[in-house]
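# An overview of the molecular structure
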Amino acid sequence: MDPRLDKYAKLLIDVGIHVQPGQTLVINCPVEKAEFARMLVREAYRAGAREVVMRWNDQAISRETYLHAADEIFDTFRPWQADQLNILAREGAAFLSIDSSDPDGMNGIDHARQVRQSRAFGPAVREYREMQMSDKVQWCIAALPEKNWAKKMFPGVPEDEAVEKLMDAICATMRITPDNDPAEAWRQHNAELNARKRKLTEFNFKSLHYVNSLGTDLTIELPENHYWDGGNSVSAKGVSFNANMPTEEIFTAPKRDGVNGRVVSTKPFDVGGEIIDRFAFTFRDGKIVGVEADDPHHRELLEAEIALDEGAAYLGEVALVPYDSPISRMDALFYDTLFDENASCHLAFGASYPTVRGGADMTEEERLAAGLNQSITHEDFMVGSADLSITGVTHDGREVPVFVDGNFAF
Ligand code: ZN
Ligand code: ZN
């Protein structure tokens, strides 16, 4: 057993999800990682959890379902499946998810079935999703190595060695070393991210202008009263947690109808297991009106993604990550958004986080009116590059360099 796993489990329970005495913890975990799940359960009860509810998943079985189950099941759901999540969220449970999957494990399935399933199930779990998206309840996603994922990341390396290398990479991003206290390292990291987001919030930019040599030339307006978020979050009950581990980003919401121009992706984008190396979106008044990809099939996949509902064709996130951030410096492609988004500035189409003052308590209609996009989807895509420049424009017309050559200008 890798001795780092003990530190990792403790870090996720004490800092990542930060489960409280008397609180219920829900753990989503692949069956292959049962041993780690048991460590998490033991740590959770050590921390005083009231109950741990396990939700096991299995990518191979999901694949069989998409390939062979009766077609009509993808348009229906059983209410108890939605009730489980909605009721647990209402009770104030915390949700910890372990991601450990083969990036190609869903290749060849009918992607339309996944889309139909989200369309059927998404609205039914709106209450749970809403509480999670607005950080009312603690939630945390973290990863463990999976053998096909490791082999894809380190081609030509024997399997055991590749898994070990992936574990080394994950531990580096998690700030776990043989002799440190990773919880203390994370408290310091969170403090640094907090200082940077306060500074950006104080600038109160009207818009950001992105330019690079790949052909990105995009203007993103920001809503009134927006603030920048990142690092640790604080739940409705005042509990600090880290929703994504690792995390290096500072983010806010774009103004729904205030995005214009063209943006070119800079890292592979995963649509249900299919990897799209490069694509571009053109925006007019917030809406994606043009999709470019070299492969026509990839263009169709992207077009299906942004047609999931009305809000799917609008942006919901603008995130800043220095080109020199630790994950970027590793210069490894993880084929996993959880890691790769931290190597690059990114945008997301779909739902926004309610990053305007009072946003967490607004109704859906009020959020839309405040310029915050609403959707059942939220998909990050990477736009950072070594030569990216971002200029902030203040409400009195002042231009402030935010990014120069891929990194923060201040
Ligand atoms: Zn992000
Ligand atoms: Zn995102």
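All values reported here derive from a predicted model rather than from experimental measurement.

Time to look at the overall build of the protein. Within the protein one finds 13 helices and 21 strands. Over its C-alpha atoms the protein spans a radius of gyration of 21 Å, differing by no more than 12% from the 22 Å that the globule rule assigns to 410 residues. Dimensions of the protein along its principal axes, counting C-alpha atoms only, are 55 × 50 × 50 Å. Taken over 410 residues, the protein has a buried fraction of 53%. Contacts in the protein between residues at least 24 apart in sequence constitute 75% of all its contacts with a sequence separation of at least 6. Looking at the protein as shown, the accessible area adds up to about 17,700 Å², and 49% of this sits on carbon and sulfur atoms.

Ordered by their spatial adjacency, 5 strands build an open sheet running E7-E10-E16-E17-E18, and the pairing between neighbours is antiparallel. At either margin of the open sheet sits one strand with a lone partner, and together these are strand E7 (229–230) and strand E18 (378–382). Of the pairings in the sheet, the one linking E7 to strand E10 (residues 250–252) comprises 2 bridges and is antiparallel in character. Opposite Asp229, over in E10, you have Phe251 as the bridge partner. In the packing of helix H9 (residues 182–203) onto the sheet, contacts are made with E7, E10 and strand E16 (315–320), and the angle to E10 comes to roughly 40°.

So, on to the side chain of Glu341. Within the secondary structure, Glu341 is located in the loop between helix H12 (337–340) and strand E17 (346–350). Buried within the structure, Glu341 lacks any salt-bridge partner; its nearest side chain of opposite charge belongs to Lys267, at an N-O separation of 12 Å. In terms of polar contacts, Glu341 uses its side chain to reach the side chain of Asn244, at 3.2 Å. In contact with Glu341, other than residues within four places in its own chain, are Asn244, Glu249, Val321, His346, Asp380 and Met382.

The next thing to look at is a negative patch on the surface. Together, Asp277, Asp294, Asp295 and Glu300 make up a region of like negative charge exposed at the surface. Position of Asp277 among the secondary structure elements: in the loop between strand E13 (274–276) and strand E14 (279–284).

If you check the domain split of the protein, you get domain 1 (4–173) and domain 2 (205–230 + 247–408). Placing the centre of domain 1 and that of domain 2 at their C-alpha centroids yields a distance of 24 Å. Of the residues lining the interface, 30 residues belong to domain 1; the matching set on domain 2 comes to 31 residues. Taken as a group, His111, Met133 and Thr173 account for 24% of the area that domain 1 buries against domain 2, more than any other trio of residues on that side. Scanning the region where domain 1 abuts domain 2 turns up 2 salt bridges. In this structure, Arg126 and Glu364 form a salt bridge, with 3.8 Å as the shortest nitrogen-oxygen distance. Linking domain 1 with domain 2 are 6 residue pairs in polar contact (both at pLDDT 80 or more). At the level of secondary structure, the elements contributing two or more residues to the side of domain 1 that touches domain 2 comprise helix H5 (111–121), helix H6 (126–133), strand E4 (139–143), helix H7 (147–153) and helix H8 (159–173). The residue makeup of the side of domain 1 that touches domain 2, split by class, is 15 nonpolar, 7 polar and 8 charged.

What follows concerns the coordination of the zinc ion (ligand 2). Note on the zinc ion (ligand 2): its protein donors are Glu317 (OE), His378 (NE2), Asp380 (OD) and Asp380 (OD). The metal-donor distances range over 2.0 to 2.7 Å. Between the 4 donor atoms coordinating the zinc ion (ligand 2), the angles at the centre fall across 52 to 130°, so the site counts as irregular. If you list the donors of the zinc ion (ligand 2) from N- to C-terminus, the spacing comes out as E-x60-H-x1-D.

Let us now look at the packing of aromatic side chains. For the structure shown, the criterion picks out 19 aromatic pairs. Relative to Phe121, the ring of Phe77 lies with its centre 5.9 Å away and its plane at 75°, an arrangement referred to as edge-to-face. Of the two residues, Phe77 is situated in the loop between helix H3 (59–68) and helix H4 (79–90) and Phe121 in helix H5; the sequence distance between them amounts to 44 residues. Sitting over the ring of Tyr335, Lys152 keeps its end group 4.5 Å from the ring centre. The ring of Trp186 carries Arg175 above its face, with NZ or CZ at 5.8 Å from the centroid.

This part takes up the sheet that holds strand E3 (residues 94–99). Across the sheet, which stays open at both edges, the 4 strands sit in the order E2-E1-E3-E4 with parallel pairing between neighbours. Each edge of the open sheet is held by one strand with a lone partner, namely strand E2 (51–57) and E4. Along the sheet, successive strands turn relative to each other by an average axial angle of 15°, direction set aside. Sheet topology note: the strand E1 (residues 24–30)/E2 ladder contains 7 bridges and is parallel.

Over its 13 residues, helix H2 (residues 34–46) extends 18 Å from the first C-alpha to the last, a length consistent with the 18 Å expected when each residue adds 1.5 Å. Taken as a whole, H2 has its buried residues at Ala34, Phe36, Ala37, Met39, Leu40, Val41, Glu43 and Ala44. On the buried face of H2, the contacting elements are helix H1 (4–16), E1, E2 and E3. Among the residues trailing H2, Gly48 stands out with phi positive, at a value near 100°.

Next up on the list: the nonpolar core. Core analysis: the biggest nonpolar cluster contains 48 residues, and Tyr8, Leu12, Ile13, Leu25, Phe36 and Leu40 have the highest contact counts within it. For this core, the leading source of residues is H1, giving 7 residues. When residues of this core are assigned to domains, at least three map to each of domain 1 (4–173) and domain 2 (205–230 + 247–408). Sequence-distant contacts of Leu25, defined by excluding residues within four places in its chain, comprise Ile13, Ile17, Val19, Ala44, Glu51, Val52, Val53, Ala94 and Leu96. Counting residues in hydrophobic clusters, the runner-up holds 39 residues, among them Trp228, Leu301, Phe349 and Leu388.

The rules we used
- Residues numbered from 1 in each chain as written.
- Chains lettered and ligands numbered in written order.
- Predicted model: local features only at pLDDT ≥ 70, side-chain atom pairs only at ≥ 80, totals over all residues.
- Heavy atoms only, no water.
- Helix = DSSP H or I, 4+ residues; strand = E, 2+ residues; numbered from the N terminus.
- Rg over C-alpha atoms; globule rule 2.2 N^0.38 Å.
- Buried < 20%, exposed > 50% of the residue type's maximum accessible area, 1.4 Å probe, protein only.
- Contact = heavy atoms within 4.5 Å.
- Areas by Shrake-Rupley, 256 points an atom, 1.4 Å probe, with all protein chains shown as cover.
- Pairing = 2+ DSSP bridges.
- Axes fitted to C-alpha atoms, helices over the stretch in contact; angles between N-to-C directions.
- Lys, Arg positive; Asp, Glu negative; His and termini not counted.
- Salt bridge = Lys/Arg side-chain N within 4 Å of Asp/Glu carboxyl O.
- Polar contact = N/O pair within 3.5 Å; in protein donor to acceptor, adjacent residues only side chain to side chain.
- Patch = residues over 30% accessible without salt bridge, like charges linked within 9 Å, V, L, I, M, F, W, Y side chains within 5 Å.
- Charge placed at Lys NZ, Arg CZ, Asp CG, Glu CD.
- Domains from an automatic or database assignment.
- Buried area = accessible area lost by both parts, 1.4 Å probe.
- Nonpolar A, V, L, I, M, F, W, Y, C, P; charged D, E, K, R; others polar.
- Donors = N, O, S within 2.8 Å, 3.2 Å for Na, K, Ca; no water.
- Tetrahedral: all angles 85-135°; square planar, octahedral: opposite > 155°, others 65-115°.
- Phe/Tyr/Trp six-rings, centres within 6.5 Å; stacked < 30°, edge-to-face > 60°.
- Lys NZ or Arg CZ within 6 Å of the ring centre and 35° of its normal.
- Expected span 1.5 Å × (residues − 1).
- Core = buried A, V, L, I, M, F, W, Y, C linked by side-chain atoms within 4.5 Å.

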